[in-house]
Amino acid sequence: MKFFVDTAEIADIKELAETGLLDGVTTNPSLIAKSGRDFIEVTKEICGIVDGPVSAEVVALDHETMMREAETLRKIADNVCIKVPLTIDGLKTCKKLTGDGTMVNVTLCFSANQALLAAKAGATFVSPFVGRHDDNGFDGMDLIRDIRLIYDNYAFETEILVASVRHVVHVLESARIGADVMTAPPSVIKSLFKHVLTDKGIEGFLADWAKTGQSIPTE
Ligand code: E4P
């Protein structure tokens, strides 16, 4: 499963990219607003940090303006992935852009039928929002299971990008189901590394090692 980070904060992206485990970045208009940065500038900077796809979202609601915005965004870098909303105009834009070889992430997906439409429109990624689904009394992970089943039934190549991830169990469940990608805030990705028994184990090993009086030569 690929790991994308869901942020426009440069320091967090750099820190995670240095682990060698980061496969891409997703942003949205709210995350750009939170960063306080110029959209084009910050997107360009992010594209220079990671080699993988960097999602940048259009804000127009009609197909023609979405296409013009996408034209500007795809000139930023080769790894820009145009993010469009799951609407009729968004999917028309998706079909056109992917037909031209541009990566497209169809966002704000809340039903398996919407995901089916995104795949038929040739989306590179579809982003079902599991956290917001849970918030509204639905089971976000059931949505991922349904989409996986449908995509496998027809061998669709659209990648399931689990979005609106709120905690590590969303990540675990995504991997169990066989989602292709998950995008999560930096804090969730960092907490995946942690386990109390890992810390306790290191502490015990180091205490015993100190008793040996030895050190490992480093040069
Ligand atoms: C995905 O691409 C979205 O940017 C994101 O996951 C939305 O998450 P939220 O529901 O926490 O805002």
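Residues numbered from 1 in each chain as written. Predicted model: local features only at pLDDT ≥ 70, side-chain atom pairs only at ≥ 80, totals over all residues. Heavy atoms only, no water.

**Considerations on the site of the ligand**
Inspection of the region around the ligand gives D6, T26, N28, K83, F129, R132, A163, S164 and R166 as its neighbouring residues. A distance of 2.7 Å separates an oxygen atom of the ligand from a polar atom in the side chain of R132. One of the side-chain N or O atoms of S164 is found 2.7 Å from an oxygen atom in the ligand. The residue inventory of the shell around the ligand, partitioned by class, reads two nonpolar, three polar and four charged. (Near = heavy atom within 4 Å. Polar contact = N/O pair within 3.5 Å; in protein donor to acceptor, adjacent residues only side chain to side chain. Nonpolar A, V, L, I, M, F, W, Y, C, P; charged D, E, K, R; others polar.)

**A word on the UniProt feature "active site" (unreviewed entry) in the protein chain**
Per the UniProt record, "active site" (unreviewed entry) is annotated on K83. Position of K83 relative to the elements: it lies in strand 4 (residues 80–85). Aside from chain neighbours lying at most four places away, what touches K83 is T26, T27, N28, S55, A56, E57, V58, N105 and T107. Here T27 takes part through its backbone oxygen, which lies 2.8 Å from a polar atom of the side chain of K83. (UniProt positions renumbered as here; feature names shortened; annotations may be inferred. Helix = DSSP H or I, 4+ residues; strand = E, 2+ residues; numbered from the N terminus. Contact = heavy atoms within 4.5 Å.)

**Thoughts on the environment of E15**
Counting through the fold element by element, E15 comes out in helix 1 (residues 10–17). For the pair E15 and R132, spaced 117 residues apart in the sequence, the C-alpha separation amounts to 27 Å. Reaching out from E15, the side chain makes a polar contact with the side chain of K190 at a distance of 3.0 Å.

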